[in-house]
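# Topology and contacts: notes
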Amino acid sequence: MKDIIIIGGGPAALTAALYAGRAGLDALMLEKQYEGGQIVTTNEVENYPGFRSITGPELANTMYEHAKDFGSIMKYEEVIDIKIEGDIKKVITGVNTYESKVIILSMGAKPKKMGIDREDELTGKGVSYCAICDGGFYRKKVVAVIGGGDTAVEDALHLSRLAEKVYVIVRKDSLRANKSAQKKLFETNNVEIIWNSVVAKLNGEERLSSLEITNNKDGQVANLEVNGVFVAIGSEPSTELVKDLVALDKTGYIIADESCKTNVDGIFAIGDIRTKEVRQVLTAAADGAVSIYGAEKYLINH
Ligand code: NDP
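These numbers were taken from a predicted model, which means no experiment stands behind them.

The rules we used
- Residues numbered from 1 in each chain as written.
- Predicted model: local features only at pLDDT ≥ 70, side-chain atom pairs only at ≥ 80, totals over all residues.
- Heavy atoms only, no water.
- Domains from an automatic or database assignment.
- Contact = heavy atoms within 4.5 Å.
- Buried area = accessible area lost by both parts, 1.4 Å probe.
- Salt bridge = Lys/Arg side-chain N within 4 Å of Asp/Glu carboxyl O.
- Nonpolar A, V, L, I, M, F, W, Y, C, P; charged D, E, K, R; others polar.
- Pairing = 2+ DSSP bridges.
- Helix = DSSP H or I, 4+ residues; strand = E, 2+ residues; numbered from the N terminus.
- Buried < 20%, exposed > 50% of the residue type's maximum accessible area, 1.4 Å probe, protein only.

### Side note on the domain arrangement of the protein
Much of the literature gives interface size as the accessible area that the parts lose upon coming together. Once the domains are mapped, the protein shows domain 1 (2-110 + 235-301) and domain 2 (113-231). Across the boundary between the two partners, domain 1 contributes 6 residues, which contact 8 residues of domain 2. Taken as a group, T41, N43 and E46 account for 69% of the area that domain 1 buries against domain 2, more than any other trio of residues on that side. Taken together, the connections running from domain 1 to domain 2 amount to 1 salt bridge. Taken together, the residues of the side of domain 1 that touches domain 2 break down into 1 nonpolar, 3 polar and 2 charged.

### Notes on the sheet that holds strand 8 (residues 127-128)
One open sheet holds the 5 strands; their spatial order is 8-15-9-10-11, and the pairing between them is parallel. Edge positions in the sheet fall to strand 8 and strand 11 (191-194), since each of these pairs with one other strand and no more. Two strands pair when backbone bridges link them, and strand 9 (residues 142-146) and strand 15 (residues 228-231) are joined in this way by 4 bridges, in the parallel orientation. Across the sheet, V145 pairs through a bridge with F230, a residue of strand 15.

### Quick notes on the pattern of salt bridges
According to the stated counting rule, one finds 15 salt bridges in the structure shown. Between K2 and D26 there is a salt bridge, with its nearest N and O atoms 3.2 Å apart. Separated by 24 residues along the polypeptide, K2 in strand 1 (residues 2-7) and D26 in the loop between helix 1 (11-22) and strand 2 (27-30) bring together distant segments of the chain. For D81, the salt bridge is made with K83, and the minimal N-O distance between the two is 2.9 Å. In the salt-bridge network here, residues are joined through shared partners; they are E258, R274, K276 and D287.

### So, unusual backbone geometry
For N196, which is not a glycine, the phi torsion comes out positive at approximately 50 degrees. Note on placement: N196 falls in the loop between strand 11 and strand 12 (197-203). The exposure class assigned to N196 is buried, which follows from its relative accessible area of 13%. Positive phi is not limited to glycine here, since C260 has a value of about 70 degrees. Along the polypeptide, C260 turns up in the loop between strand 16 (235-237) and strand 17 (267-269).

Quick look at the structure:
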């Protein structure tokens, strides 16, 4: 029987593991893919205190090693079910069933899809959700990035160093990204921003060859020839596993306040998967620390 099972392996989970290990608790992390979560697909992080500039994978690896230093263990297994039997929580993976007193949900979020025709069919054939992973396929090519947030701007800056031309398609007449990233984008020669526009259609036979874009101010339709499109329009929580276990808000995030407690005793939710104002590496890591404080209190009483 474990004290704590942490489901997920991003910054929130890794911080919870560090704090759990340091508090002398027996914690197991279960991660289906790789440690680091979404920051692994981030080129540069420049707003995590203590690191003026660090790549996402480097920050993830440092956090992982730090958690391991305090004795927490990570296993690469996908959790497929959770069963509650009184105070005991059973966590079922494809290969094992584990028991614990506390569960910390940290499955994070995944990129949102545009929800247009042929999006799934052309994913991997010109449509991508990860510029860091797939940018290398578009050296000297023409690409578009969709979105105006930090992810879109970071993706566009990363792609501008590889591709010949980068269009950024923004549905409003302003960007949501931080001002420092915006400044860099505006100063990049091979980037062109197409304002007030959305992608209406994906064209191409075997692969994507062009985008039909609609200007939402004047209704004009244009065809934009591109070799690839990177969708960066936000993310949605990965809550399929727990949608019948804990309370979610109407947009699908797990309802938990700054204490990270869910509506189920002994189950906490941390990082991007929970209701919160600001989703950043820093706030995810903070949740990890706070949840262990709550978990310790729960364990004393149970
Ligand atoms: P955001 O939700 O911040 O931005 C999404 C962007 O996509 C907005 O410009 C939004 O437009 C646009 N959008 C949403 N839906 C559509 C649609 N259907 N069609 C076209 N455009 C659409 O998501 P991000 O992934 O950029 O960022 C998420 C969080 O992660 C933020 O808090 C961000 O600050 C953080 N982050 C931080 C980084 C860093 O600090 N290094 C790096 C990356 C992310 P509109 O503005 O009109 O709603």
